[in-house]
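The residues making up each chain are set out below.
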Amino acid sequence: MINNYIIYLVFCVIPFFAYAQESPIQQNNKNPCFEKSTDTLPLNKAHKNTQYNLTNNENCKIKDLASWNCEIDFRYIPLPSKNDINMILVPQDCGDFPYRLYLLTIKDNQIRSDLYVEGEWYELGNNENLIEKTHFTISKDFIITVTTEYDNNLTIKHYYLNQDGYLKEKTNNN
């Protein structure tokens, strides 16, 4: 009886625990690097004090992702994905300015595009009250609008996400 019980534990219970310990990131998302965004489109919000997610570096095989890292752990904010294209915000706060976010598009384990979309900048030593402020929105059809305000001037640019994962600036021709 005791031998049967031990055999039952070895063959039935232990495989169950091994299966139950599977990484939740791989279960919930096709890309093992990033958690799925809880945001929906259209997206129109600031991310200044948003808490960052950390990548699962052990399973993450995205080429050149480390070059976008300012700390030991890669930090990001997930954005809604389009088909098999991941979009994330990455802080670039390792320089003089603590609030600068870049939008990265990732397809087939490659960074396809990067775009500065949110943050603040000013010229050190000069009029530090004159701050360039940049923010963005994403429409339901993945049109990214980047608005920059500086010295009472407003610059607005529109970008679209093509099927290959690249951000392209919209012009009158497209």
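Chemist: What am I meant to see in the overall build of the protein here?
Modeler: Counting its secondary structure elements, the protein contains two helices and nine strands. N-terminal to C-terminal, the α/β element order of the protein is α-α-β-β-β-β-β-β-β-β-β. Counting every position in the protein, which comprises 174 residues, the buried fraction comes to 37%. Intrachain contacts of the protein at a sequence separation of at least 6 include 39% that bridge at least 24 residues.

Chemist: Got a minute to help me understand the pattern of salt bridges in this structure?
Modeler: Pairing of side chains with opposite charge becomes possible as their charged atoms draw close. Tallied over the entire structure, the rule returns five salt bridges. One salt bridge in this structure joins D84 and K107, with 3.8 Å as the shortest N-O distance. With D84 in the loop between β2 (75–82) and β3 (85–91) and K107 in strand β4 (residues 100–107), the pair connects residues that are 23 residues apart, well separated along the chain.

Chemist: Sorry, what's going on with the pairing of β4 here?
Modeler: A regular strand places its side chains on the two faces of the sheet in alternate fashion. Among the eight residues of β4, eight are classified as buried, and the element is accordingly described as predominantly covered. Alternating positions in β4 separate into two faces, R100, Y102, L104 and I106 on one and L101, L103, T105 and K107 on the other, with burial throughout. The pairing of β3 with β4 spans six bridges and is classified as antiparallel. Paired with N86 across the two strands is I106, which belongs to β4. Looking at chain direction, β4 and strand β5 (residues 110–121) are connected through eight bridges and run antiparallel. Bridge pairing links L101 to E118 in β5. Counted between consecutive antiparallel strands, the loop separating β4 from β5 contains two residues, among which D108 sits at a positive phi close to 55°.

Reading the values: the criteria
- Residues numbered from 1 in each chain as written.
- Predicted model: local features only at pLDDT ≥ 70, side-chain atom pairs only at ≥ 80, totals over all residues.
- Heavy atoms only, no water.
- Helix = DSSP H or I, 4+ residues; strand = E, 2+ residues; numbered from the N terminus.
- Buried < 20%, exposed > 50% of the residue type's maximum accessible area, 1.4 Å probe, protein only.
- Contact = heavy atoms within 4.5 Å.
- Salt bridge = Lys/Arg side-chain N within 4 Å of Asp/Glu carboxyl O.
- Pairing = 2+ DSSP bridges.

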